[in-house]
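# Examining the three-dimensional arrangement
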Amino acid sequence: FSVGRRWVGPRSAMSSSESESSGVERKPPLDCYQLHKLKLQRRAKAAVAPPVEVEEPELDLGDCEGLDAETLALVRKMAKDPTHKAPSKCFGFDWAAGSVAPFWAWKDSEALESAVRLLLDHASVRQIRLCDLGCGDGAALQQAGLVLRDAGAVVNLLGVELDAAVCERAQDAAATSAMPMEVWQGSFFDLPWLEWVCDPGFQPVVLMYLLAPGIAQLRDQLERVLASGGLVLTLKWELPFPAPRVAADPHVWYLYGAPCC
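Notes on the structure in this doc start here. On a predicted model such as this, the values are computed, not experimentally measured, just so you know. (Residues numbered from 1 in each chain as written. Predicted model: local features only at pLDDT ≥ 70, side-chain atom pairs only at ≥ 80, totals over all residues. Heavy atoms only, no water.)

### A few points about the packing of aromatic side chains
Quick reminder of the rule: The aromatic pairing rule takes the rings of Phe, Tyr and Trp, using the six-membered ring of Trp, and pairs them if the centres are within 6.5 Å, calling planes under 30 degrees apart stacked, those over 60 edge-to-face and the rest tilted. To sort residues, take the accessible area from a 1.4 Å probe on protein chains only and compare it with the maximum for the residue type: under 20% means buried, over 50% means exposed, and anything in between is partly exposed. Secondary structure elements follow DSSP: runs of H or I no shorter than four residues count as helices, runs of E no shorter than two count as strands, and numbering proceeds from the N terminus. As a reminder, the over-ring test applies to NZ of lysine and CZ of arginine, requiring each to be within 6 Å of the ring centre and within 35 degrees of the ring normal.
Per the counting criterion, the structure on display carries two aromatic pairs. Between phenylalanine 188 and phenylalanine 189 the ring centres are 5.0 Å apart and the planes differ by 65°, which places this aromatic pair in the edge-to-face class. The class for phenylalanine 189 is partly exposed, based on a relative accessible area of 27%. Here tyrosine 209 and tryptophan 237 contribute two aromatic rings whose centre-to-centre distance is 6.0 Å and whose plane-to-plane angle is 25°, an arrangement assigned as stacked. Of this pair, tyrosine 209 sits in the loop between β6 (203-208) and α8 (212-217) while tryptophan 237 sits in the loop between β7 (231-235) and β8 (245-249), and the two are 28 residues apart along the sequence. Using a relative accessible area of 9% as the deciding quantity, one classes tyrosine 209 as buried. In this structure, arginine 129 packs its charged tip against the face of tryptophan 196, placed 4.5 Å from the ring centre. If you follow arginine 129 out to its NZ or CZ, it ends over the ring of phenylalanine 202, 5.0 Å from the centre.

### Remarks on the environment of valine 246
Assignment of secondary structure puts valine 246 in strand β8. Note: C-alpha distance between valine 246 and leucine 118 (128 residues apart in sequence) is 9.9 Å.

### Things to note about helix α6 (residues 164-175)
Applicable threshold: Each helix should span, by expectation, one fewer than its residue count multiplied by 1.5 Å. It is the directions from the helix axis to the C-beta atoms whose arc is reported. When checking whether two residues touch, look at their non-hydrogen atoms; a contact exists if any pair is within 4.5 Å.
In a regular helix each residue adds 1.5 Å, so twelve residues correspond to 16 Å; α6 covers 16 Å between its end C-alpha atoms and thus fits that length. Val166, Cys167, Ala170 and Ala174 are the residues of α6 that are buried. The buried residues of α6 occupy an angular sector of 100° when projected down its axis, which confines them to one face. On its buried face, α6 sits against α5 (139-150), β4 (154-161) and β5 (182-185).

This is how it looks when you write it as structure tokens:
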């Protein structure tokens, strides 16, 4: 029965003497307010809150044209976590830490061929040493060498590639190619490619498909190539420092050298 607003409830079958002897502590009955509060607490525990979707900010990876889905996913992981291992398909250093080379290989073979043919018009001799900094799998270097050879030039080729796996593919391709070339594995900031390309009796030519920050770090070496009468052919990005430009297809390739060549 109820007395006022307090619920008394049925009497326990256990008497006070039995409760004391059994050691069971009797709890006072709950009033209406406490019952209602308990019911709300149980409902809150039973309710499952829907997961909150947090939209991640879009990562600025620059121009990723030409990347397949697998490599792009690895690039995104690397950009989020710089300690994540870079994919072997990356042509260059860690993008998040400031890459010197793009992630993808050069694809425009027609543009490269037209640039190399024009290069011959500015070569002082027909004995050429062509060095590709960041050569990747060596395909672009091989193509440039074949164009020069077919035009009657005597050509020596050297490719420098940082990625060991990609460099191995270039070396395998060179071993079976009709156009011989050397391929060095390592950083072009450390390897003695400048001494190789500036060999007396040869026209030194440097081919690059590098980002502007990487080119800027090579300024001293490239100025030495130009000062020795050599040529520098850059793909897509121009030299980020003053240098004599002799021809260009803007945003595709730029050719630098002495105007008197």
